[in-house]
Amino acid sequence: MEALIDKPGPIEIETIASADWVANLSGLLNLKDPKAIQAGLKDREEPIQIYLHLLRHPVRGCFMIDTGVSKRFVQDPKSVGVGWMVRNFAKLDKMKVRVEPSAAVRSKGVPLQGILMTHLHLDHISGMPDIPTDIPFYTGFGEANTKQFTNVFVQGMENRFFEGRPAIQELQFTKDPDGTFEGVIDVFGDESLFTILTPGHTAGHMSFVARTPEGPVLLTGDACHTRWGWEHGVEPGTFTFDRVKERKSLLALKALSERHPNMVVRLGHQP
């Protein structure tokens, strides 16, 4: 991957702020990290955005990375299978939709071929009511089946969202022999898009590197939520499945970007 990613490639990628939202900073950032303590950071509601990424491959067509937010999810969550616990816990009243996934895809004028998911948390699947039921979904290995406390109360909602759809396809990674990353896959088999296994936030979390005509673009997903966290090398906080792995994944991605200084970095929830 690294021998190739600085060479211009054929992927067109557009990152769209689908919705504005807020989240507790203690979830987005490890406030117990010495750097956060030194900076005097305290828990508060932090403005964030929920993104979807539209990717166009010259042969394979249009793919979406994560799903953004459907207006139905916010305006009438009960009708799309969102239970009362999620409705009360997730601050949906503070989620403001900018661009729906369906509108984003229509703007490209080409059919959607598939959804590549960084992971399956609530805010990354909340555009699913807009996604046709025949579109395949792809996740990291173990992502769809892992039981974790942070997902328990949304498990029923996720199950309903995926009812009547093709079975989730889990990408199979092989261990990186030099240990730089947990694993890397050439998604389309033509060295244009790579997915990196970056576990920690969830068991099967994935990040992506696309070779575009302008140079490499890194989508960290929720290996890093915030701009401050990225600049200071501080991993997310309580929204984390395995903190040790999350920190390792974040630092591996930062090191990758430093080895490739022309790389554009797009974070999980902030510009």
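Because the structure is predicted, anything quoted here is derived from the model rather than measured.

Q: Looking at this structure, how should I read the pairing of strand β2 (residues 45-57)?
A: Both faces of the sheet carry side chains from a regular strand, because those side chains alternate between them. Of all 13 residues in β2, 10 are buried, a share of seventy percent or more. Looking at chain direction, β2 and strand β3 (residues 61-65) are connected through five bridges and run antiparallel. Bridge pairing in β3 places His53 opposite Ile65. Taking the residues between adjacent antiparallel strands as the criterion, β2 and β3 are bridged by three residues.

Q: What's the story with the sheet that holds β2 in this structure? I'm lost.
A: Pairing between sheet strands relies on hydrogen bonds along the backbone, with the strands arranged either parallel or antiparallel. Spatially, seven strands are ordered β4-β1-β2-β3-β5-β6-β7 in an open sheet, and the strand pairing comes out mixed. Each edge of the open sheet is held by one strand with a lone partner, namely β4 (96-97) and β7 (169-171). As paired elements, strand β1 (residues 12-24) and β4 share two bridges and run antiparallel to each other. Across the sheet, residue Ala19 finds its bridge partner in β4, namely Val97. Those strands touched by helix α5 (residues 101-108) are β1, β2, β3 and β5 (112-116), and its axis lies near 35° from that of β2.

Q: Can you walk me through the pairing of β1 in this structure?
A: Pairing between β1 and β2: 12 bridges, direction antiparallel. Counterpart to Trp21 in the pairing with β2 is Ile48.

Q: Is there a simple way to think about α5 in this case?
A: Along an α-helix, a turn takes 3.6 residues, which lines up residues three or four apart on a common side. Along α5, the residues that are buried comprise Pro101, Ala104 and Val105. Here the buried residues of α5 occupy an arc of 95° about the axis, which is enough to place them on one side. Within α5, the exposed residues directed more than 90 degrees away from the buried face are Arg106 and Ser107. Of the surrounding secondary structure, the elements contacted by the buried residues of α5 are β1, β2, β3 and β5. The positive-phi residue at the C-terminal boundary of α5 is Gly109, with phi of around 70°.

Procedures and definitions
- Residues numbered from 1 in each chain as written.
- Predicted model: local features only at pLDDT ≥ 70, side-chain atom pairs only at ≥ 80, totals over all residues.
- Heavy atoms only, no water.
- Buried < 20%, exposed > 50% of the residue type's maximum accessible area, 1.4 Å probe, protein only.
- Helix = DSSP H or I, 4+ residues; strand = E, 2+ residues; numbered from the N terminus.
- Pairing = 2+ DSSP bridges.
- Contact = heavy atoms within 4.5 Å.
- Axes fitted to C-alpha atoms, helices over the stretch in contact; angles between N-to-C directions.
- Arc of directions from axis to C-beta.

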